[in-house]
Amino acid sequence: MTWWLGEDGSPRDLVVVLTALPLEADAVRRRMRDVERSTHPSGTVFHVGELPDVRTKVVLGITGDGTKEAAIITERAIETFRPAAVLLVGVAGALKDGVELGDVVVAKRVHCYSGGKETADGLLSRPRTWDAGYRLLALTYDLDVDWPGEAPRVHHKPIASGDTLLASRVGPLSALLNERFEDAVAIEMEGAGVAISAQQRETNALAIRGISDRADERKQAADAGGSQERAAANAAAFAVALITAYAATLKKVKKVKPVPGHLGGEILAARLGGAVTSLCFGPGRTLLAAALSGPIRRWRLDDGEELPPIHAATWMPPRYGVRVAASPGGGPVVVRDGYQLLALRPDEPDHPPISLGSVTYPGDLYFASTASYALLSWATIFRLRSTATGTDLLSFTAVAASISADESTLAVAKGLVSGGRHVQVYRLRPGQAPVPTGPPIELHQAAGMALQIALSPDGAMLGGMTARWAGVFDVERGVPIMPRSGGGDLWSQFFPEAMSLVCTPRGRLLHMSKGKVLQLDVNSRGDAPFLPGGGGYRRLVMSPDGLLATGDASGWVRVRPWQD
């Protein structure tokens, strides 16, 4: 696999930049735009943004001093953002006379000098060394760098890394470096931590260091004279040039035709007393389903055991069937009970229901739910409502809307006159008003209604289908990554209830047309049914962990594992 491609063959267009000091981070952040905070569950704060005229995303984080701290933050960054590369950018001390203040060192190799065995004859060193990834390093030899001042010299040499701050050339550490690591031209305190975490996660990593002192008794004087600021600015300029060169490689990557997904064997099959009107995955790895009348039935998917049902009144007239929505991530189950919308916790009998308000005539025909939100609609009027307080956080007029399973993203197809072609994306933060991420994503819609939109479970991809177009968008960049001319059919155009849309975790698009479940073929309009039974399907929903549930007109509910 080409190093800049992900497991599914798509380009990985995100680079993590780590620094030890706020001063170093500021030098990088000054070159970024559209910066947003992203907080790891542990509390670590990352800043996500872009570089001018470069589509590649940049994630900036501060590790603090030391190899252990750097290793921990690197692990968190890689786990969270799955980057193509990790760059360690900042300042270092020179070990060789030919390396001057302000010069930039690109670490071909990182030596960790810490560790050893103490014997009667003295300390026996047990060093470790990590080489830079060749293809990432190769991009650094011919860069067009926008230096902040006079262009410094760039050295492609090894560096030494450990938890000791070297400020003397006459001590035991200096002697150890001269004896064991004679090829190292600079010394710092974080490179080894970044290197070991990147190696374990099979991620390209590279240290880029600006020289701010000579690692001797004159260090404090050099720092006081502004050498750190100059060195950090030069290292940041070089890193930006490298990211720009990396982004240029993405343009040369040919799009890889995705391998069609397929289904495994049934893990649940049950029949309701009528056509399925609601279907959703719920907390605790459960499935909930409802028909035109009768209770809301629930099953535990791990063993197929049926759980006690939820009883809700069917609203008549008119008879629109029982409605239920829930989130696999937890939170309450939202049901329409007669003229009320209620948030329930069916497995907590002592927890009183929370009223989400009365039902608007002729009814909230559609709604989805996550742990914190209920998305309601009546005709073209949508409301995003808090499940904790029952208050509306956002109201809008739209053709369609979708909320991601991890409740990070809301997509809204606005523009009734244009058929909903303008899809505005919002970032969701519990307890706060939704925030638009930028300009709307423009669907390829010349006329007619946008039939359906659907976000992937993590909100990173947006699937859309109109009567004229179908495809998947990268939400962050707002660009199509799997487009195709030719969309749905006129039946689905005028009767949206006849169609459901699912965007899988890796961007496959599943849709329903005239009761058949099809998988999008990006190369032609010949989407073929891939579920048994031929037709009659009414509901289609996917869980974040890859289970596909269907409900049909005869009342059958089935769950199968989906393989991307």
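Rules behind the numbers
Residues numbered from 1 in each chain as written. Predicted model: local features only at pLDDT ≥ 70, side-chain atom pairs only at ≥ 80, totals over all residues. Heavy atoms only, no water. Helix = DSSP H or I, 4+ residues; strand = E, 2+ residues; numbered from the N terminus. Contact = heavy atoms within 4.5 Å. Areas by Shrake-Rupley, 256 points an atom, 1.4 Å probe, with all protein chains shown as cover. Buried < 20%, exposed > 50% of the residue type's maximum accessible area, 1.4 Å probe, protein only. Pairing = 2+ DSSP bridges. Axes fitted to C-alpha atoms, helices over the stretch in contact; angles between N-to-C directions. pLDDT = per-residue confidence, 0-100. Core = buried A, V, L, I, M, F, W, Y, C linked by side-chain atoms within 4.5 Å.

### Regarding the overall build of the protein chain
- Tallying secondary structure elements over the protein chain gives eight helices and 41 strands in all.
- Long-range contacts, defined here as pairs at least 24 residues apart, represent 59% of the contacts in the protein chain between residues at least 6 apart.
- As presented, the protein chain carries roughly 24700 Å² of accessible surface, and 53% of it is formed by carbon and sulfur atoms.

### Thoughts on the environment of alanine 222
- You can see alanine 222 is positioned in helix 6 (residues 219-224).
- Residue alanine 222 is classed as buried on the basis of its relative accessible area, which comes to 17%.
- What alanine 222 contacts, discounting residues up to four positions off in sequence, is Ser212, Asp213 and Ser227.

### Focus on the sheet that holds strand 16 (residues 286-291)
- Across the sheet, which stays open at both edges, the four strands sit in the order 15-16-17-18 with antiparallel pairing between neighbours. Each edge of the open sheet carries a strand with a single partner, namely strand 15 (276-282) and strand 18 (306-310). Each adjacent strand pair in this sheet contributes to an overall mean axis angle of 20°, direction not counted.
- The pairing of strand 17 (residues 296-300) with strand 18 spans three bridges and is antiparallel. Bridge pairing links tryptophan 299 to glutamate 306 in strand 18.

### Considering the sheet that holds strand 21 (residues 340-344)
- Taken together, four strands build an open sheet; the order of strands is 19-20-21-22 and the sheet is antiparallel. Each edge of the sheet is formed by a strand with only one pairing partner; in this case those strands are strand 19 (324-325) and strand 22 (354-358).
- Bridge count between strand 20 (residues 333-337) and strand 21: five bridges; the pairing is antiparallel. Looking at strand 21, one finds that valine 335 is bridged to leucine 342.

### As for the confidence of the model for the protein chain
- In the predicted model, the protein chain carries a mean pLDDT of 82, and the fraction of residues at 70 or more is 85%.
- Every residue in residues 253-258 scores below 50 in pLDDT, and together they form 11 contacts with partners more than four places removed in sequence or on other chains.
- Here residues 490-499 is a poorly scored stretch, pLDDT under 50, and it has 21 contacts once near neighbours within four places are set aside; other chains count.

### Description of the nonpolar core
- Core analysis: the largest hydrophobic core is formed by 38 residues, its most contacted members being Val17, Leu87, Leu206, Ile208 and Phe238.
- In terms of residues, this core owes the most to one element, helix 7 (residues 227-250), which gives 13 residues.
- Once residues lying within four places of it in the same chain are set aside, the contact partners of leucine 206 are Val86, Leu87, Leu88, Val106, Ala107, Ala132, Leu136, Leu137, Thr140 and Leu242.
- Of all hydrophobic cores here, the second largest spans 27 residues; its members include Leu18, Ala70, Ala205 and Ala207.

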